[in-house]
Structures are given as structure tokens and as C-alpha cells.
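# Chain and residue survey
Here are the chains, one letter per residue:
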Amino acid sequence: MGANFWLMRYLLFKAVGGAKPSGAYALLLGLKFGIMLAALWVLVGVLELHPMGISLGMVTLFIGIGLGLMHSLLQPEQTT
């Protein structure tokens with residue numbers, strides 16, 4: 001999942017950011033989206049995992065990322 005977020009961020013910055021945005025990166029971003037949809041289809045359609053369980057897992061992932069970010073922001077700075 002972390003690799004998915006990293007790849008999405010990388011492709012999005014390359015597609016729309018910088019002095020010379022590239023349409024090829026936007027195409028790769030669309031291709032990555034299609035691959036992720038196919039992976040979800042395999043999980044739900046072929047392996048017959050329950051969609052509610054996948055949704056709950058995704059929600060708790062985002063809550064965990066948010067709590068981890070808040071924890072790192074609220075810690076005092078380390079002094080040497």
C-alpha cells in the first residue's frame with residue numbers, strides 16, 4: 001500500500017508539477033489507477049473477499065496514517 005501511495009505521488013508531481021509537465025506521466029497515472037481497480041476486482045470477484053472488510057481496512061489505514069502524522073507533529077523537538 002505504501003508503494004502505491006509513493007508511486008501515485010511521484011506520477012502526480014511529474015504529470016502536473018514542475019516547469020514542463022508531461023502527458024506521459026498522466027497516462028501512467030491512469031494506467032496505475034486501472035491496475036489498482038483490477039486488483040480490487042480480483043480481491044472481491046475472484047477471491048470473494050467481502051467488500052466491507054476491504055473498505056474497513058482502507059479506512060483504518062487512513063486513520064492510522066493521520067494519527068501517526070499527528071503523533072510526529074506533536075512530539076517535542078530532540079535536543080542534543
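Data block above holds the structure.
Let me sum up the structure you'll find in this document.

Calculation criteria
- Position labels on residues start from 1 in each chain and follow its written sequence.
- Restriction of local features to residues with pLDDT of at least 70 applies here, the model being predicted, together with a cutoff of 80 or more for giving and counting side-chain atom pairs; totals for whole chains, interfaces and linings are based on all residues.
- As a rule here, side-chain values come from all non-hydrogen atoms in the structure, and water together with hydrogens is ignored.
- Where helices and strands are cited, they refer to DSSP runs of H or I of at least four residues and of E of at least two residues respectively, numbered from the N terminus.
- Throughout, the radius of gyration refers to the C-alpha atoms, and the reference size of a globule is 2.2 Å times the residue count to the power 0.38.
- Partly exposed residues are those whose accessible area sits between 20% and 50% of the maximum for their type, while under 20% is buried and over 50% is exposed, using a 1.4 Å probe and protein chains only.
- Axis lines are fitted through C-alpha atoms, for helices just across the contact stretch, and the angle between N-to-C directions can take any value from 0 to 180 degrees.
- Any angle between 65 and 115 degrees counts as roughly perpendicular, while under 35 counts as roughly parallel, over 145 as roughly antiparallel, and the rest as oblique.
- Each crossing gets its hand from how the near helix is turned against the far one by less than a right angle, where anticlockwise is left-handed and clockwise is right-handed.
- Pairs of residues are marked as contacts when any of their non-hydrogen atoms sit within 4.5 Å.
- In this count, Pro and Cys sit with the nonpolar residues alongside Ala, Val, Leu, Ile, Met, Phe, Trp and Tyr, while Asp, Glu, Lys and Arg are called charged and the others, Gly among them, polar.
- Candidate patch residues must exceed 30% relative accessible area and have no salt bridge, after which like charges are joined if within 9 Å and Val, Leu, Ile, Met, Phe, Trp or Tyr side chains if within 5 Å.
- Each accessible area is a Shrake-Rupley result for a 1.4 Å probe, and residues are judged covered by the shown protein chains and nothing else.
- Definition used for salt bridges: Asp or Glu carboxyl oxygen within 4 Å of a side-chain nitrogen of Lys or Arg.
- One fewer than the residue count of a helix, multiplied by 1.5 Å, yields its expected span.
- By arc we mean the arc of the directions from the helix axis to the C-beta atoms, nothing more.

### Details of the overall build of the chain
Of regular secondary structure, the chain possesses three helices and zero strands. The C-alpha radius of gyration computed for the chain amounts to 17 Å, which surpasses the reference 12 Å derived for 80 residues by more than 25%, pointing to a less compact arrangement than a globule. By its C-alpha atoms, the chain is 55 × 40 × 15 Å across when sized along the principal axes. Counting all 80 residues of the chain, 6% fall into the buried class.

### A few points about the packing of helix H1 (residues 2–16) against helix H2 (residues 23–46)
For the pair H1 and H2, the least separation of the axes is 8 Å and the interaxial angle reads 155°. On the basis of the axis angle, H1 is roughly antiparallel to H2. Taken as a pair, H1 and H2 cross one another with a handedness that is left-handed. For the pair H1 and H2, contact is made by Asn-4, Leu-7, Met-8, Tyr-10, Leu-11, Leu-12, Lys-14 and Ala-15 and by Tyr-25, Ala-26, Leu-28, Leu-29, Lys-32 and Met-36, respectively. In terms of residue class, the contact of H1 with H2 is built from 11 nonpolar, one polar and two charged.

### Quick word on a nonpolar patch on the surface
Where nonpolar side chains cluster on the molecular surface, the patch consists of Phe-33, Leu-37, Leu-40, Trp-41, Val-42, Leu-43, Val-44, Val-46, Leu-47 and Leu-49 and spans about 910 Å² of accessible area. With respect to the helices and strands, Leu-49 occurs in the loop between H2 and helix H3 (51–74). The partly exposed category is assigned to Leu-49, whose relative accessible area is 40%.

### Some thoughts on unusual backbone geometry
Non-glycine residue Glu-48 carries a positive phi angle of around 55°. By secondary structure assignment, the location of Glu-48 is in the loop between H2 and H3.

### Concerning the side chain of Lys-32
If you trace the backbone, Lys-32 turns up in helix H2. When neighbours within four sequence positions are excluded, Lys-32 is seen to be in contact with Asn-4, Leu-7 and Met-8.

### Let's talk about H1
An α-helical segment advances 3.6 residues per turn. Residues three or four places apart therefore align on the same side. Its 15 residues place the ends of H1 21 Å apart at the C-alpha level, agreeing with the 21 Å of an ideal helix rising 1.5 Å per residue. Every buried residue of H1 is listed here: Asn-4, Leu-11 and Ala-15. Taken down its axis, H1 places every buried residue within 45° of arc, on the same side. Exposed side of H1, more than 90 degrees from the buried face: Gly-2 and Phe-13 are the residues found there. Its buried side turned inward, H1 meets H2.

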